[in-house]
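Summary of the model geometry
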Amino acid sequence: MTVAIKQIHPVFVGEVSGVDLTKPLTREEAAAIEEGMNRYGVLVFRGQNITDEQQIAFTRNFGELEVKSRPGNIRKASESRLGAGIGDLSNLDKDGKIISGDDRQWFFKLGDRLWHSDSSYAVIPAKFSALSARAIPSWGGNTDFADMRAAYDALDERTEAEVEDLICEHSLIHSRAAVGFTDLTPEEIASFKPVLQRLVRTHQATGRKSLFLSAHAGAIVGWTVPEARAYLRELTEHATQREFVYSHQWRQYDLVMWDNRATMHRAKRFDRNEVRDMRRTTLGGDRPTVEQQSEAA
């Protein structure tokens, strides 16, 4: 079979057919998928009943797995349910039981329901993320995606000029505080110290500009915090208008891959008493968006 991609949203998002992710990709298949990522920003693969090892192998066709220089959650390594290279985005603890609703790990996970870009809190933000639905709840749990290229293209001239050279501070502290979770240890606060990211970034492969927004962004260099947060909220409201957003209704064994350099996403509510087993692989980016200050590096 030949890889085929059908656009399923007026602005972005393609659905891929003609590929079996349980098998190694040919060079031609990998090239077609990467080209699709550059064009659509989000690709949907239906009916891919894959193992963790197969998901990792698929993801590595497009770069190297992200090696984080700082943690992306509060879970200790000894509490991990999954092996190296796989991110656990489920509502399960290390024993496969549903996490308690008053567990601080659950509170931390609720920050994923805000619009964000994966690893924007890292000096070198992520390239692609691939999320596999191993088990899904009977209600809710969609993932929304927003095309930040289209959002940038729709800016008026004054705003486009204003955002061009702005630098933001990104941290998990900001996004978790936004959902009311501030119960961080001194060690966690130190590991989540802010990094700098450009508000406008240019895609290395396509040359298209996009807004680099995220709930992790809590300040703009040179601005007061209240004015910065009000402005970032205004930009986020613009970027997540209905015409820029695709809501993915998961089916078991779907795999969705998105480009963090061109999109934002958020998880939606679901029945937390049911299992939602979602597993993510993430590709590391290749460079910072801006040179870091020594105190933020």
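Let's shift gears to helix H2 (residues 52–59). Every buried residue of H2 is listed here: Asp52, Gln55, Ile56, Phe58 and Thr59. One face of H2 carries all of its buried residues, which in axial projection span an arc of 160 degrees. If you follow the buried residues of H2, they end up packed against helix H1 (27–40), strand S3 (42–45), strand S5 (128–135), strand S13 (255–259) and strand S15 (277–282).

This paragraph deals with a negative patch on the surface. On the surface, Glu162, Glu227, Glu234 and Glu237 cluster together into a patch of negative charge. Here glutamate 234 lies in helix H8 (residues 225–239).

With that out of the way, let us pick up the pattern of salt bridges. Following the criterion strictly, the structure yields 20 salt bridges and no others. Aspartate 112 serves as the salt-bridge partner of arginine 176, at 3.1 Å between the closest nitrogen and oxygen. Here the residue arginine 176 occupies a position in helix H6 (residues 172–178), and aspartate 112 occupies one in the loop between helix H3 (104–109) and S5, the gap between them amounting to 64 residues. What emerges from the salt-bridge pattern is a single network uniting Asp52, Arg81, Asp88, Arg134, Asp277 and Arg279.

Locating alanine 4 in the fold gives a position in strand S1 (residues 4–7). Here the alpha-carbon distance between alanine 4 and valine 16, two residues 12 residues apart in the chain, equals 5.7 Å. Those residues in contact with alanine 4, other than ones at most four positions away along the chain, are Glu15, Val16 and Ser17.

With a phi angle near 75 degrees, valine 13 is a residue other than glycine that sits in the positive phi range. Tracing the chain through its elements places valine 13 in the loop between S1 and strand S2 (14–17). Positive phi values are uncommon outside glycine, yet tyrosine 253 reaches one of about 75 degrees. Secondary-structure assignment places tyrosine 253 in the loop between strand S12 (245–248) and S13. Classification of tyrosine 253 as partly exposed rests on a relative accessible area of 27%.

Inspection of every chain in the model, using the stated rule, returns nine aromatic pairs. Ring plane angle 90 degrees and centroid distance 6.2 Å describe the contact between phenylalanine 108 and phenylalanine 181, whose orientation is recorded as edge-to-face. Here phenylalanine 108 is found in helix H3, whereas its partner phenylalanine 181 is found in the loop between H6 and helix H7 (186–191), with 73 residues between them in sequence. For the pair phenylalanine 108 and phenylalanine 181, one class covers both residues: buried. Here the aromatic cluster, defined as three or more aromatic residues joined through ring pairs, consists of Phe45, Phe58, Phe62 and Phe128. Directly above the ring of phenylalanine 108 sits arginine 176, whose terminal nitrogen or CZ lies 4.3 Å from the centroid. Seen from the ring of phenylalanine 270, arginine 276 lies directly overhead, with NZ or CZ sitting 5.4 Å from the centre.

When strand S7 (residues 167–170) meets strand S8 (residues 195–198), the two strands line up antiparallel, connected through four bridges. Its bridge partner being in S8, glutamate 169 is matched across the sheet by leucine 196. In terms of strand pairing, S7 meets strand S11 (residues 217–220) through three bridges, oriented antiparallel. The partner of glutamate 169 across the bridge, within S11, is alanine 219.

Cut-off values and rules
- Residues numbered from 1 in each chain as written.
- Predicted model: local features only at pLDDT ≥ 70, side-chain atom pairs only at ≥ 80, totals over all residues.
- Heavy atoms only, no water.
- Buried < 20%, exposed > 50% of the residue type's maximum accessible area, 1.4 Å probe, protein only.
- Helix = DSSP H or I, 4+ residues; strand = E, 2+ residues; numbered from the N terminus.
- Arc of directions from axis to C-beta.
- Contact = heavy atoms within 4.5 Å.
- Patch = residues over 30% accessible without salt bridge, like charges linked within 9 Å, V, L, I, M, F, W, Y side chains within 5 Å.
- Areas by Shrake-Rupley, 256 points an atom, 1.4 Å probe, with all protein chains shown as cover.
- Salt bridge = Lys/Arg side-chain N within 4 Å of Asp/Glu carboxyl O.
- Lys, Arg positive; Asp, Glu negative; His and termini not counted.
- Charge placed at Lys NZ, Arg CZ, Asp CG, Glu CD.
- Phe/Tyr/Trp six-rings, centres within 6.5 Å; stacked < 30°, edge-to-face > 60°.
- Lys NZ or Arg CZ within 6 Å of the ring centre and 35° of its normal.
- Pairing = 2+ DSSP bridges.

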